[in-house]
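Spelled out, the chains give:
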Amino acid sequence: MKIATWNVNSLTVRLPQVLDWLAANPVDVLCLQELKLSDDKFPLQELEAAGYQSAVFGQKTYNGVAILSRTPARNIVKNITGFTDEQSRVIAATLDMPTGEVRVVNGYFVNGQSPGSEKFEYKMKWLESLRNWLREELAEHPNLVLLGDFNITADDRDTYDAEGLRETIHHTTEERQHFQALVKLGLNDAFRMFDQPEKSYSWWDYREMAFRRNRGLRIDHILVSEALKPLVRSCVIDKLPRKNERPSDHVPVVLELDSL
DNA sequence: ATGACTTCTGTGAGAAGA
């Protein structure tokens, strides 16, 4: 089975590109972030016509996440249990596959603006709450995938300028410690389980021809639990949609699992 | 270089993203 993540930066603008991508990449599950629309504006019918059901946690203007799947999602949880949040950033669901079930946790992690800001403090509290909740989710669901826009580079390989951007947002020691704390829960960075091209990124700024110059960051991640780790067949970044007209600044990351 | 580009709201110009 295949599970993918894509920050679409407005589903209103990007729906045609999402439908095109799904036609070319008929994954079992597609997790979206930054819908930037309320639930009543979500294009349920269009996606259903493409063969996908949707579990949606929208928000007007900002944030918003959804899980699209070929089979029904059940046991849907919105946001981090035990953490009060005005912003729609997490949706989790269980998907039944022919040989078992998988728990999918889709997150649009806090950006954090800059170290020391109030938004950075919110990011730190959000990450700690996420970890504490995931510990419980993992105990209940051994087959778990955590994926989405983490807004964190895991290490220096994930940035086009490790020296110049050291300790700036997405690159701070504190953020990377949070990432490693998630790994320590038994969540493996699927992308790094394989040899990958150097300078592989999932996001490029719209400005300064950043994509053409490959000045990007790898901040969209797929982490798999210990039980799923032996089943991971591949994890790849699909850069193609960044060449579209009016592209999202992020591109999809796709995980392939055996037997599920 | 407190920029650059894109989205949102709402119909201006500013906020937010990363």
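- By the naming in an unreviewed UniProt entry, chain A is Exodeoxyribonuclease III, taken from Polaromonas hydrogenivorans.
- In its Sequence similarities (unreviewed entry) section, UniProt records this for chain A: "Belongs to the DNA repair enzymes AP/ExoA family."

**Points about the overall build of chain A**
Consideration 1: Within chain A one finds four helices and 14 strands.
Consideration 2: Whereas a compact globule of 260 residues would reach a radius of gyration of roughly 18 Å, chain A reaches 17 Å, a difference of no more than 12%.
Consideration 3: Projecting the C-alpha coordinates of chain A onto the three principal axes gives extents of approximately 45 × 40 × 40 Å.
Consideration 4: Across the 260 residues in chain A, those meeting the buried criterion constitute 57%.

**Some words on the environment of Phe83**
Consideration 1: Locating Phe83 in the fold gives a position in the loop between strand S5 (73–78) and strand S6 (90–97).
Consideration 2: C-alpha separation for the pair Phe83 and Pro241, spaced 158 residues apart in sequence, amounts to 34 Å.
Consideration 3: Aside from chain neighbours lying at most four places away, what touches Phe83 is Tyr122, Lys125, Trp126 and Ser129.

**Here's the deal with helix H1 (residues 11–24)**
Consideration 1: When the terminal C-alpha atoms of H1 are compared, their 18 Å separation across 14 residues agrees well with the 20 Å that a helix rising 1.5 Å per residue should span.
Consideration 2: Within H1, the axis deviates most sharply at Gln17, by approximately 30 degrees.
Consideration 3: Taken together, the buried positions of H1 are occupied by Leu11, Arg14, Leu15, Gln17, Val18, Trp21 and Leu22.
Consideration 4: In this fold, the buried residues of H1 make contact with strand S1 (2–7), strand S2 (29–33), helix H2 (44–49), strand S4 (65–69) and strand S14 (253–257).

**Structural notes on the UniProt feature "binding site: Mg(2+)" (unreviewed entry) in chain A**
Consideration 1: Per the UniProt record, "binding site: Mg(2+)" (unreviewed entry) is found at Asn7, Glu34, Asp149, Asn151, Asp249 and His250. Taken together, the annotated residues stretch across 244 residues yet fold into one region, lying no more than 12.8 Å apart by C-alpha.
Consideration 2: Turning to its location among the elements, Asp149 is positioned in strand S8 (residues 144–149).
Consideration 3: Those residues within four positions of Asp149 in sequence are excluded, and the remaining contacts are Asn7, Gln33, Gly107, Tyr108, Phe109, Ile219, Asp220 and His250.
Consideration 4: Its place among the elements puts Asp249 in the loop between strand S13 (232–237) and S14.
Consideration 5: The class of Asp249 is buried, set by a relative accessible area of 12%.

**Some remarks on the packing of aromatic side chains**
Consideration 1: Enumeration over the complete set of coordinates arrives at five aromatic pairs.
Consideration 2: Ring geometry for Phe109 against Phe150: centres 4.1 Å apart, planes inclined by 25 degrees, an arrangement best described as stacked. Of this pair, Phe109 sits in the loop between strand S7 (100–108) and helix H3 (118–140) while Phe150 sits in the loop between S8 and helix H4 (173–184); the two residues are 41 residues apart in sequence, bridging distant segments of the chain.
Consideration 3: Taking the relative accessible area as the measure of exposure, Phe109 reaches 1% and is therefore buried.

**Brief notes about the UniProt feature "site: Important for catalytic activity" (unreviewed entry) in chain A**
Consideration 1: Feature annotation in UniProt assigns "site: Important for catalytic activity" (unreviewed entry) to the following positions: Asp220.
Consideration 2: Structurally, Asp220 can be placed in strand S12 (residues 220–225).
Consideration 3: Judged by its relative accessible area of 2%, Asp220 is buried.
Consideration 4: Each residue touching Asp220, except ones within four places of it in the same chain, is listed here: Asn7, Gln33, Gly148, Asp149, Ser202, Trp203, His250 and Val253.
Consideration 5: For Asp220, the side chain forms a polar contact with the side chain of Ser202, separated by 2.6 Å.

**Some words on the sheet that holds S5**
Consideration 1: Spatially, six strands are ordered S5-S6-S7-S8-S12-S9 in an open sheet, and the strand pairing comes out mixed. Each edge of the open sheet carries a strand with a single partner, namely S5 and strand S9 (187–189). Across the sheet, the axes of successive neighbouring strands diverge by a mean angle of 20 degrees, strand direction being ignored.
Consideration 2: Across six bridges, S7 lies against S8 in parallel orientation. Following the sheet pairing, Val105 is matched in S8 by Leu146.

**Looking at the protein's contact with DNA strand B**
Consideration 1: DNA strand B sits among 24 residues. The nearest are Ser10, Asn111, His170, Arg207 and Glu208.
Consideration 2: Counted by atom, the contact set of DNA strand B within 4 Å of the protein is 72% sugar and phosphate.
Consideration 3: A distance of 3.0 Å separates a phosphate oxygen of DNA strand B from a polar side-chain atom of Asn151.
Consideration 4: Taken together, the residues that form the surface near DNA strand B break down as seven nonpolar, eight polar and nine charged.

**Here's the deal with the side chain of Ser88**
Consideration 1: Note on placement: Ser88 falls in the loop between S5 and S6.
Consideration 2: The buried category is assigned to Ser88, whose relative accessible area is 5%.

So, how was this worked out
- Residues numbered from 1 in each chain as written.
- Chains lettered and ligands numbered in written order.
- Predicted model: local features only at pLDDT ≥ 70, side-chain atom pairs only at ≥ 80, totals over all residues.
- Heavy atoms only, no water.
- UniProt positions renumbered as here; feature names shortened; annotations may be inferred.
- Helix = DSSP H or I, 4+ residues; strand = E, 2+ residues; numbered from the N terminus.
- Rg over C-alpha atoms; globule rule 2.2 N^0.38 Å.
- Buried < 20%, exposed > 50% of the residue type's maximum accessible area, 1.4 Å probe, protein only.
- Contact = heavy atoms within 4.5 Å.
- Expected span 1.5 Å × (residues − 1).
- Bend = angle between axes of the 7 residues up to and from the residue.
- Phe/Tyr/Trp six-rings, centres within 6.5 Å; stacked < 30°, edge-to-face > 60°.
- Polar contact = N/O pair within 3.5 Å; in protein donor to acceptor, adjacent residues only side chain to side chain.
- Pairing = 2+ DSSP bridges.
- Axes fitted to C-alpha atoms, helices over the stretch in contact; angles between N-to-C directions.
- Near = heavy atom within 4 Å.
- Nonpolar A, V, L, I, M, F, W, Y, C, P; charged D, E, K, R; others polar.

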